[in-house]
Amino acid sequence: MENQSLFELFIDELADMYNSEKQIVKGLPKLIKLASQPELKEALTKHWNETENQVRRIEKIYHILNMKPREITCEAMEGLMKECEELTEKRDRSPTLDAAIICAAQKVEHYEIASYGTLRSFAKHLDLDSEIIDQLQDTLDEEGAADKKLTKIADGSFFSSGINTEAAGAGSSHSAHKKAKR
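A brief structural summary.

Cut-off values and rules
Residues numbered from 1 in each chain as written. Predicted model: local features only at pLDDT ≥ 70, side-chain atom pairs only at ≥ 80, totals over all residues. Heavy atoms only, no water. Helix = DSSP H or I, 4+ residues; strand = E, 2+ residues; numbered from the N terminus. Buried < 20%, exposed > 50% of the residue type's maximum accessible area, 1.4 Å probe, protein only. 1 Å grid on protein atoms, 1.4 Å probe; cavity = no way out; pocket = protein on both sides within 12 Å on 5 of 7 lines; lining within 4 Å. Points joined across faces, edges and corners; volume = space filled by probe spheres on them. Nonpolar A, V, L, I, M, F, W, Y, C, P; charged D, E, K, R; others polar. Phe/Tyr/Trp six-rings, centres within 6.5 Å; stacked < 30°, edge-to-face > 60°.

On to unusual backbone geometry. One non-glycine residue, Asn 66, lies in positive phi territory at about 60°. You can see Asn 66 is positioned in the loop between helix H2 (38-64) and helix H3 (75-89). Phi is positive for Asp 127, close to 55°, though the residue is something other than glycine. The class of Asp 127 is exposed, set by a relative accessible area of 67%.

This is the structure we're talking about:
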């Protein structure tokens, strides 16, 4: 009986992530279009393709479980997508807009990392088919890699400054104020 309750929770969370991924598939093209930095556009485009595949993975999990895919509206993702819109809507194309896109995208990634980590843990404790665990792990790995890539773009690499550095130096009165304080 206890396992049945955990299984029901697993299915509810899977349905939540199914809807979540569909919201992301719908929302990412707008961010790709807004991004000005080529590396950011490329990273978002790659992850959009991964997200479409993640939707198919969830459908495959339902298939393995002999269940029809179902969705529960993911209110958390709705909120994150709304916040993303608010962060980006009043900014012109600039390094600051790219920084806002990275900020919003990383919030989404962190939500997904937490959710898929939990789903994978539930699947293990429920002794579900190893293919289900593998599908969840594959998605979790992609989400972690996307988050790391966004951090690298924001912070830069050894050979280049990152979006955050460019945004901080882009005529910001805060930069001038900071220099004046020194």
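What follows deals with the layout of surface pockets. Approximately 290 Å³ is the volume found for the largest pocket. Lining the largest pocket we find 19 residues, and of these Ala 43, Leu 44, His 47, Glu 109 and Ala 146 sit closest to its centre. Among the secondary structure elements, those contributing two or more residues to the lining of the largest pocket are helix H1 (2-34), H2, H3, helix H4 (95-125) and helix H5 (130-155). A total of six residues in the lining of the largest pocket trace back to one element, the largest contributor, which is H2. Of the residues belonging to the lining of the largest pocket, the class tally is 12 nonpolar, two polar and five charged. Estimated volume of the second largest pocket: approximately 250 Å³. Lining the second largest pocket, in full, are Gln 23, Lys 26, Gly 27, Lys 30, Leu 31, Met 81, Lys 82, Cys 84, Glu 85 and Thr 88. Residue composition of the lining of the second largest pocket, by class: three nonpolar, three polar and four charged.

The full count for this structure, using the stated rule, is two aromatic pairs. Relative to Phe 10, the ring of Phe 7 lies with its centre 6.4 Å away and its plane at 25°, an arrangement referred to as stacked. In this pair, Phe 7 and Phe 10 both sit in helix H1, three residues apart, roughly one turn of the helix. Exposure remark for Phe 7: the relative accessible area of 21% places this residue in the partly exposed category. With a relative accessible area of 0%, Phe 10 lands in the buried category. A ring pair is formed by Tyr 18 and Tyr 62, whose centres lie 6.1 Å apart and whose planes are at 65°; its orientation type is edge-to-face. Taken together, the residues Tyr 18 in helix H1 and Tyr 62 in helix H2 connect sequence positions 44 residues apart.

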